[in-house]
Amino acid sequence: GKSLVIAIDGPSGSGKSSVAREVARRLGLAYQDTGAMYRALTLVCLESQLDLQNQAAVEALAKRFFFEQWFDPGVGMVSAGIDVEHALDVTEEIRLPRVSEAVSAVATNLGARTELIRRQRAAIESVRGRMVVEGRDITTVVAPQAEVRLLLTASEEARLARRGAQLASSGETQSAADVARQVLARDAKDSTVVEFQRAADGVVTIDSSDLDFEQTVAAVIRLVKENV
Ligand code: C5P
């Protein structure tokens, strides 16, 4: 088929990962969670006991670390390591609070970003643009030529509630106040590198605060049908 890149940006807790995966599944497209790549690099840095403030070292690791992502019905699976020989399934580890707390240090490293963006574009090419790609800078930097460009937002209240429910279901026992502090601190740091709270020119905003999962998926699919 012809290229159909669906670029979805949004803050954490906007529901973009689960919505993006479901849209990919229904439309028979590949799926890429770019946040998983930032998280995996962060995890590999932490495991290598690398100082995250050491810009050159983090950039060097970004260039050589092994990362692979695949898509099982409903779940994004991630394998990563310092190199292919040390690659492990890190699907669950990359969601741990210690990774969420450290990830902004990696995401604000411009050298590392350049390398991850290169890999993300290569992944889109590898499926000839038949992909739903989700992150913070997809509509603006990674794939500004995407056929469909979408910002998925939600009120702070809705985002915190969703992130809290997500962590609870994965067995995390953080208080609501801790979750709120962490999510808002991460948003604040992330917005120093990428503008993901406001839609760029030509990007459609869907506010999911008052939509359930099914309604949000339906809204995205409707937008895709209108645009292709
Ligand atoms: O989407 P998720 O919350 O898993 O992303 C984790 C982190 O990765 C974000 O907080 C941000 O620091 C970084 N990120 C980014 N650009 C992207 C995707 C994620 O900077 N396109």
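Residues numbered from 1 in each chain as written. Predicted model: local features only at pLDDT ≥ 70, side-chain atom pairs only at ≥ 80, totals over all residues. Heavy atoms only, no water.

Named according to an unreviewed UniProt entry, the protein is Cytidylate kinase originating from Psychromicrobium silvestre. According to the UniProt record, the Subcellular location (unreviewed entry) comment for the protein reads "Cytoplasm". (UniProt positions renumbered as here; feature names shortened; annotations may be inferred.)

Novice: Explain the pattern of salt bridges to me, using residue names and the numbers behind them.
Specialist: Overall, the coordinates contain 13 salt bridges when judged by the stated rule. Close ionic contact of K63 with E59 constitutes a salt bridge, the shortest N to O distance being 3.0 Å. Taken together, the positions of K63 and E59, both in helix α3 (residues 55–64) and four residues apart, correspond to about one turn of that helix. Ionic pairing is found between D137 and R113, a salt bridge with its closest N-O pair at 3.0 Å. Here D137, found in the loop between β6 (130–135) and α6 (138–142), pairs with R113, found in helix α5 (residues 110–126); they are 24 residues apart in sequence, far enough to count as distant. Here D137 and R113 have matching classes, each one buried. Among the ionic contacts, a cluster of salt bridges with common partners joins E22, R25, R26 and E214. (Salt bridge = Lys/Arg side-chain N within 4 Å of Asp/Glu carboxyl O. Helix = DSSP H or I, 4+ residues; strand = E, 2+ residues; numbered from the N terminus. Buried < 20%, exposed > 50% of the residue type's maximum accessible area, 1.4 Å probe, protein only.)

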